[in-house]
Amino acid sequence: MTARNMTLDVALAEAAERYAAANPASAARYEEACRSLPGGNTRTVLFYDPFPLAMAKGEGARLRDLDGHEYRDFLGEYTAGLYGHSNPRILDQVREALGAGIVLGAPNRFEVELAELVCARFPSIDRVRFCNSGTEANLMAIGLARAVTGREKVLVFEGAYHGSVLFFKEGESGPVNAPFRFVFAPYNDTEAALAVIEQHGSELAAILVEPMMGSGGCIEGDPEFLGALREAADRHGAVLVFDEVMTSRLGPGGRQGELGILPDLTTLGKYIGGGLTFGGFGGRADLVERFDPRRPDAIPHAGTFNNNVLTMSAGVAGLRDVFTPEEAARLNANGDTLRGRLQQAADERGVPFRATGCGSILGLHWQAEPIRRPSDTEATRPAARALSHLEMIRRGLYFARRGFISLSLPLEASDYDGFVDAFADFLDEHREVLSDGATARAGPAGGERGPG
Ligand SMILES: Cc1ncc(COP(=O)(O)O)c(C=O)c1O
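Residues numbered from 1 in each chain as written. Predicted model: local features only at pLDDT ≥ 70, side-chain atom pairs only at ≥ 80, totals over all residues.

(A) Here's a closer look at the pairing of strand S12 (residues 239-243). Counting buried positions along S12 yields five of five residues, so the element is predominantly enclosed. On S12, burial covers both faces: Val239, Val241 and Asp243 on one face and Leu240 and Phe242 on the other are all buried. Bridging between strand S9 (residues 204-209) and S12 involves four bridges; their strand directions are parallel. Bridge pairing in S12 places Ala206 opposite Val239. Bridge count between S12 and strand S13 (residues 265-269): three bridges; the pairing is parallel. The residue of S13 that forms the bridge with Val241 is Leu265. Taking the sense of rotation as the criterion, the β-α-β connection linking S12, helix H8 (residues 254-259) and S13 turns out right-handed. (Buried ≥ 20, exposed ≤ 12 C-beta atoms within 10 Å, placed from the backbone. Helix = DSSP H or I, 4+ residues; strand = E, 2+ residues; numbered from the N terminus. Pairing = 2+ DSSP bridges. Right-handed = clockwise from strand over helix to strand, strands pointing away.)

The following block contains the structure:
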């Protein structure tokens, strides 16, 4: 307890009051939105208490909200904003594509170039197909695995997020999930996963796994665990799918390239469309070639906007000209440095805290307990997350309520320094309430956990 008899809940209530007073235009937009959108919301992850900031403009790695406050953007649109908000190469390319007409209803010149760039970059991708979201990419990968194996079951990991209809809590499927026959295992638990695979082996169409859990808390997969899944998939004739929708940025050849573990299929999304709506899935030629429409046994794959010229052109500019292998290495090194600096700031002040993740994706957790799977993050108190979120916003730093950060290319050294300074200042102001009873468990707070 501090001299002011402060508790975490009191500190949070005060921070929420300050936040509401500082953001009247965002509050008014929220009230208005509630009249036509449930809870003023059309994307669950963007909701948090007392109401979310609404943004008016983005430029480089900066955001400006409706009330005119400026932020350094450390959310990076949940990894889709890798290029920032106004990369000139991407804007030029999109303008050029716009000038040549949209919705052409035919193959266009950009899709081949994007496909070549993707195949050249990710070691397990011989052939690729495009779609409109990471969710769709995973649905298609599961569908393909089921079609080629003639089997039904899909192994997923507890607490994993693979899209709006592929959201898994501990051992249960989300209420609006696609009705596939899912079986579950705990992440990073090789023995338990192998037992589940053994049990369902001959019925298992696919194993779907993120090489680092993103929405699940930024939790790295052990190479030994992922390697064991590779071997078990081979042994049982199941298709190993790496969901690299978030993690493909974690190395020039994705996380698979860094680990040297190659899946049969990879799903992609987020930044690969240059910041426009995107999904993709690809992998072994013999599997993906099943979509070749010239084949008598061709599997159909439809999608009005699969090759839309704006996404295809933005994606080409991004992968070809901007996110080079050197830039991937630079951004991920920046993330590793930032993670270390944040951990050090908390350690020096004795605040229970874990900065997780890998390279340019970071998770901030207010707990001392180690984190190997999503259920381990329940030791983090939701009020500590909410307090840090609102208090960093007050200091001009924007990231997700659940403590999720993804870096973008236009962030500069002064932005990283600014983040660390603001974080240290926040810790200094709230050190005692963050440390008090830090192992106590609590229920969820608004916007604390959720899909996306
Ligand atoms: C690992 C992972 N897979 C799939 C998706 C779904 O992608 P989208 O939101 O484009 O449908 C996400 C989105 O956050 C994700 O993080």
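(B) Representation of the sheet that holds strand S16 (residues 361-365) in the model. The three strands are arranged S15-S16-S18 in an open sheet whose pairing can be described as antiparallel. Only two strands of the sheet have a single partner each, and these edge strands are strand S15 (354-358) and strand S18 (404-406). Adjacent strand axes in the sheet meet at a mean angle of 20° when their direction is disregarded. With three bridges joining them, S16 and S18 adopt antiparallel strand pairing. Bridging from a neighbouring strand, Ile361 pairs with Ser406 of S18. (Axes fitted to C-alpha atoms, helices over the stretch in contact; angles between N-to-C directions.)

(C) Inspection of the site of the ligand at higher detail. The full set close to the ligand counts 18 residues, and Ser133, Gly134, Thr135, Gly163 and Val245 are the nearest of them. For the shell around the ligand, the element with the highest residue contribution is helix H5 (residues 134-149), accounting for three residues. Grouping the constituent residues of the shell around the ligand by class yields four nonpolar, twelve polar and two charged. (Near = placed C-beta within 6 Å. Nonpolar A, V, L, I, M, F, W, Y, C, P; charged D, E, K, R; others polar.)

(D) Structural detail: the nonpolar core. Within the largest apolar cluster, 126 residues are counted, with the highest numbers of intra-cluster contacts made by Ala206, Ile207 and Val241. Residue contributions to this core reach at least three from each of two domains, namely domain 1 (8-50 + 72-82 + 325-435) and domain 2 (88-322). Among all residues touching Ala206, those that are not within four sequence positions of it are Ile142, Ala145, Val154, Ala238, Val239 and Val241. (Core = buried A, V, L, I, M, F, W, Y, C linked by C-beta atoms within 7 Å. Domains from an automatic or database assignment. Contact = placed C-beta atoms within 7 Å.)

(E) Inspection of the sheet that holds strand S1 (residues 55-59) at higher detail. The mixed open sheet is built from four strands, whose spatial order is S1-S2-S3-S17. In this open sheet, the two edge strands, each paired with only one partner strand, are S1 and strand S17 (397-398). The sheet contact formed by S1 and strand S2 (residues 62-65) spans four bridges and is antiparallel. In the sheet register, Glu59 faces S2, and the bridge partner there is Arg62.

(F) Seen up close, the packing of helix H6 (residues 190-200) against helix H7 (residues 223-236). In contact at an axis separation of 10 Å, H6 and H7 are set at 15° when each is read in the N-to-C sense. Judged by the angle between their axes, H6 and H7 are roughly parallel. The crossing of H6 and H7 is right-handed. Across the interface between the two elements, Thr190, Ala193, Leu194 and Ile197 from H6 touch Glu224, Phe225, Ala228, Leu229, Ala232 and His236 from H7. Considering only residue class, the contact of H6 with H7 consists of seven nonpolar, two polar and one charged. (Parallel < 35°, antiparallel > 145°, perpendicular 65-115°, else oblique. Left-handed = near helix turned anticlockwise from the far one by under 90°.)

(G) How the structure looks around the domain arrangement of the chain. Annotation of the chain at the domain level lists domain 1 (8-50 + 72-82 + 325-435) and domain 2 (88-322). Measuring from the centre of the C-alpha atoms in domain 1 to the corresponding centre in domain 2 gives 27 Å. Residue-level contacts link 25 residues of domain 1 with 23 residues of domain 2. Those elements that place two or more of their residues in the side of domain 1 that touches domain 2 are helix H11 (325-348), S15 and S16.

(H) Layout of the confidence of the model for the chain. Within the chain, residue pLDDT values average 95, and 95% of them lie at 70 or more. Low confidence marks residues 440-446, where pLDDT is under 50. Its contacts with residues over four positions away, or in another chain, come to 15 contacts. (pLDDT = per-residue confidence, 0-100.)

(I) Representation of H11. Here H11 contains 24 residues, and its C-alpha end-to-end distance of 35 Å stays within 8% of the 34 Å for a straight helix at 1.5 Å per residue. All buried positions along H11 are accounted for by Ala328, Leu331, Asn332, Gly335, Leu338, Arg339, Leu342, Ala345 and Ala346. Tucked into the core, H11 has its buried residues touching S15, S16 and helix H13 (413-435). In the stretch just after H11, Gly350 is the one whose phi turns positive, near 70°. (Expected span 1.5 Å × (residues − 1).)

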